[in-house]
Amino acid sequence: YIANGQAPACTAESQAAVTHFDLWKDTPAMRTEDGSLYASMTLNSLIVATVGGGVNLPAFKAARDLTGVTNVNELAEICAAVALCGELSFYAAMESGEFTSAHWNMTHK
């Protein structure tokens, strides 16, 4: 987020999200195989920009070029995908019991 030139002050507003988990349903929005889990995330107030401010400084522009981002919608999709991946990782660690053991191992060496 910040590596792409987004304002650090906007992270507080942009962090509001709702993660949804549903079992497969035969609807256009949920085209998955029978019995699979459908995960999605709603980011109600994701603030991103590709013009103005410091977004065109060389380092920030280079970061966007690495990802192939050409417009604000593509950047928002990448931010949302990264956030959803983090949520999936978190829930998988919680469900498998790895979350607690990882924290225990990191703090009790």
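Residues numbered from 1 in each chain as written. Predicted model: local features only at pLDDT ≥ 70, side-chain atom pairs only at ≥ 80, totals over all residues. Heavy atoms only, no water.

What to know about the overall build of the protein chain
Thought 1: Looking only at helices and strands, the protein chain has 4 helices and 2 strands in total.
Thought 2: Sequence-distant contacts, at least 24 apart, represent 53% of the contacts inside the protein chain between residues at least 6 apart.
Thought 3: As displayed, the protein chain has an accessible area near 7,600 Å², and 62% of this comes from carbon and sulfur atoms. (Helix = DSSP H or I, 4+ residues; strand = E, 2+ residues; numbered from the N terminus. Contact = heavy atoms within 4.5 Å. Areas by Shrake-Rupley, 256 points an atom, 1.4 Å probe, with all protein chains shown as cover.)

Quick look at the packing of aromatic side chains
Thought 1: As enumerated under the stated definition, the model contains 3 aromatic pairs in all.
Thought 2: Aromatic side chains Phe90 and Phe99 sit 5.3 Å apart centroid to centroid with 85° between the ring planes, which places their arrangement in the edge-to-face category.
Thought 3: Put simply, the rings of Phe21, Phe90, Tyr91 and Phe99 touch in pairs and so form one group of aromatic residues. (Phe/Tyr/Trp six-rings, centres within 6.5 Å; stacked < 30°, edge-to-face > 60°.)

Some words on the confidence of the model for the protein chain
Thought 1: Averaged over every residue, the pLDDT of the protein chain is 81; residues scoring 70 or more account for 88%.
Thought 2: Of all secondary-structure elements in the protein chain, the lowest mean pLDDT belongs to helix α1 (residues 11–14), at 75, while helix α3 (residues 72–96) reaches the highest, 89. (pLDDT = per-residue confidence, 0-100.)

Topic: the environment of Ala80
Thought 1: Note that Ala80 resides in helix α3.
Thought 2: For the pair Ala80 and Thr42, spaced 38 residues apart in the sequence, the C-alpha separation amounts to 8.3 Å.
Thought 3: Not counting the four nearest positions on each side in its chain, Ala80 is found in contact with Met41 and Leu43.

Some thoughts on a nonpolar patch on the surface
Thought 1: A surface patch of nonpolar side chains, amounting to about 660 Å² of accessible area, comprises Phe21, Leu23, Leu37, Leu88, Phe90, Tyr91 and Met94.
Thought 2: Put simply, the parts of the chain that give the nonpolar patch at least two residues each are β1 (17–23) and α3.
Thought 3: In terms of residue count, α3 provides more of the nonpolar patch than any other element does, 4 residues in total.
Thought 4: Along the chain, Tyr91 turns up in helix α3. (Patch = residues over 30% accessible without salt bridge, like charges linked within 9 Å, V, L, I, M, F, W, Y side chains within 5 Å. Salt bridge = Lys/Arg side-chain N within 4 Å of Asp/Glu carboxyl O.)

Details of the environment of Gly5
Thought 1: By secondary structure assignment, the location of Gly5 is in the segment before α1.
Thought 2: A residue is classified by how much of its surface remains accessible, and Gly5, at 14% relative accessible area, is buried.
Thought 3: For the pair Gly5 and Gly53, spaced 48 residues apart in sequence, the C-alpha separation works out to 8.3 Å.
Thought 4: Non-local contacts of Gly5, meaning those with residues more than four positions away in its chain, are made with Val55 and Phe60. (Buried < 20%, exposed > 50% of the residue type's maximum accessible area, 1.4 Å probe, protein only.)

Description of the pattern of salt bridges
Thought 1: Under the defined criterion, the tally for this structure stands at 1 salt bridge.
Thought 2: The shortest N-O distance in the salt bridge between Lys61 and Asp65 comes to 3.4 Å. In this pair, Lys61 and Asp65 both sit in helix α2 (residues 58–67), 4 residues apart, roughly one turn of the helix.
Thought 3: For Asp65, a relative accessible area of 47% puts it in the partly exposed group.

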